[in-house]
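Fold and contact review
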Amino acid sequence: MPPLPRPQIPVPPPLRRAVVVGAGSFGTAVAVLLARGGLRTTLQTRTVEQARQLTEGRENRVYLPGVELPKELRIEPASAGLARAEFVFLAVPSARVEQVIAGLESAGLSRRASLVSLSKGLVPPAGTAPTVLLRSRFGAERVACVGGPAHAQEMVREGAGLVAAATDEELARLIASVFIRAGVVCEQSDDPVGVELAGAAKNAAALAAGATEAQGLNAAGAAAGHIFAEVWRFAERQGARPESMIGLAGTGDLVATALAPQSRNRRAGELLAEGVPAGEIPERIGQAVEALESVPLLARALADAGVEAPVTDALSRLIRGQLPLPDWVALVRATVPQPARRRVSRAVPRGLLSRAGSRIRGWFGADAPSERERPA
Ligand SMILES: NC(=O)C1=CN([C@@H]2O[C@H](COP(=O)(O)OP(=O)(O)OC[C@H]3O[C@@H](n4cnc5c(N)ncnc54)[C@H](OP(=O)(O)O)[C@@H]3O)[C@@H](O)[C@H]2O)C=CC1
Ligand SMILES: O=C(CO)COP(=O)(O)O
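All chains use their own residue numbering, which begins from 1 and follows the written sequence. Note on labels: chains are lettered from A, ligands numbered from 1, in written order. The predicted origin of the model limits local features to residues at a pLDDT of at least 70 and limits the giving and counting of side-chain atom pairs to 80 or more, whereas totals for whole chains, interfaces and linings rest on all residues.

As annotated in an unreviewed UniProt entry, the protein chain carries the name Glycerol-3-phosphate dehydrogenase and comes from Conexibacter arvalis. UniProt positions are given in the numbering used here, feature names are shortened, and annotations may be inferred rather than shown by experiment. Per its UniProt entry, the protein chain bears the Catalytic activity (unreviewed entry) comment "sn-glycerol 3-phosphate + NADP(+) = dihydroxyacetone phosphate + NADPH + H(+)". Quoted straight from UniProt, the Sequence similarities (unreviewed entry) entry for the protein chain says "Belongs to the NAD-dependent glycerol-3-phosphate dehydrogenase family."

Moving on, we come to the packing of helix α13 (residues 290-304) against helix α14 (residues 310-319). Lines fitted to the C-alpha atoms define the axes, with helices restricted to the stretch that makes contact. Angles between their N-to-C directions range from 0 to 180 degrees. Each helix is a run of H or I in the DSSP string that is no shorter than four residues. Each strand is a run of E no shorter than two, and both are numbered from the N terminus. Where α13 contacts α14, the axes come no closer than 9 Å and their chain directions differ by 140°. One element, α13, and the other, α14, form an angle in the oblique class. As for how α13 packs across α14, the hand of that crossing is left-handed. Between α13 and α14, the residues in contact are Leu 292, Val 295, Pro 296, Leu 298, Ala 299, Leu 302 and Ala 303 and Thr 312, Asp 313, Leu 315, Ser 316 and Ile 319, respectively. Note on angle classes: values under 35 degrees are labelled roughly parallel, values over 145 roughly antiparallel, values of 65 to 115 roughly perpendicular, and the remainder oblique. Rotating anticlockwise by less than a right angle from the far helix to the near helix defines a left-handed crossing, while the corresponding clockwise rotation defines a right-handed one. What counts as a contact here is a pair of residues whose C-beta atoms, placed from the backbone, lie within 7 Å.

The positions that UniProt labels "domain: Glycerol-3-phosphate dehydrogenase NAD-dependent N-terminal" (unreviewed entry) are, in the present scheme, residues 19-170. The distance separating the terminal C-alpha atoms of residues 19-170 is 19 Å; by composition the span is 32% helix and 26% strand.

With that out of the way, let us pick up the nonpolar core. Think of a nonpolar core as buried Ala, Val, Leu, Ile, Met, Phe, Trp, Tyr and Cys residues chained together by C-beta atoms that fall within 7 Å. Every C-beta atom is placed from the backbone, and the number of other C-beta atoms within 10 Å of a residue's own sets its class: buried at 20 or more, exposed at 12 or fewer, partly exposed in between. By size, the foremost hydrophobic cluster in this structure holds 120 residues, and its most contacted members are Val 88, Phe 89, Ala 164, Ala 204 and Ile 227. With 13 residues, helix α7 (residues 192-212) is the single largest residue contributor to this core. Setting aside its immediate chain neighbours within four residues, Ala 204 contacts Ile 227, Val 231, Ala 291, Ser 294, Val 295, Leu 298, Thr 312 and Leu 315.

See below:
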């Protein structure tokens, strides 16, 4: 049998250097993949002591236990700076993104370096998507993000379904090619905001499902579905494309998160339903739980944009302790979304659509009068 065709994978030029800022579970996992994918990669920890522990043990026992850090992966504290980095991956929770961005230039960021956000949440106080913040500082052509179902442990061992999104096609292609060389599927996208909002939506939907599942799985599914639809209406207004929500970064990641026994966002929802206050949950879980902070930001952003979002708003109130659980469940069960309207994409002129529509109807004879309408 002839060999299966292999995808054309561009080989990145040698000596390309990447720095991953943030040595939690995802930052560590991504750094392992970038090193496997051929970049000269450095993982930066927050403290000198963390860097020492990772260097000596060649393992991140706190955040990614059992995964050996390859010898070609450098470890250093964030104080070492970014002067030589050509790619800077930001692997900190969204609530820390602004603080990290503020320090990039004083850390020696080169004017040519690209910035890649790995966060699946929104940045306070305004609920800004991380790439929107990055592009306002550094220009859209230097900015990318990564989404898709990618639990850290499984990603380094078995793979993931990544999406690399950037408005600059070459940047998206380059990032995707490194992950593919590391053995992990990575789709390319030119819709970074859509991919980020899909990630924020899936975390919110997984938390909502977790908060509702003990009351009934139909209710849990309805909660997730409402939130996804509400965030999509907002994303559409930001120019996002539907593929970002229905593909790997949205639906794919929602399923992975909702099913994963280790999902922090779904678990946070379960704890809320058990009566644990939101403020105590991150310490119990021991890691970033994006949706706890992002949902209130998302609810406000949707309201400010005039998007009707009763379920996202109710979830925000549940998190803030302002809505009792039975009221949340009752609201989820009773909410009837507005009838879906026929929406016309802004990118396609109306005349073109209606001409195409009547041509298609013509092929099927639909423009011809029906038997009943035909004059006798
Ligand atoms: N884990 C996963 O499977 C996936 C996570 N993500 C996303 O990746 C992002 C990071 O999550 P994750 O790695 O899981 O979170 P973790 O809680 O595992 O780790 C967060 C890391 O960020 C570090 N950190 C926090 N603030 C700073 C700062 N100012 N400077 C440098 N480092 C800092 C923490 O350091 P310290 O230990 O010192 O507090 C810690 O190492 C989130 O947005 C998440 O949604 C995306 C896909 C999958
Ligand atoms: O984003 C993730 C997987 O793609 C991780 O989700 P949790 O933070 O809920 O574990």
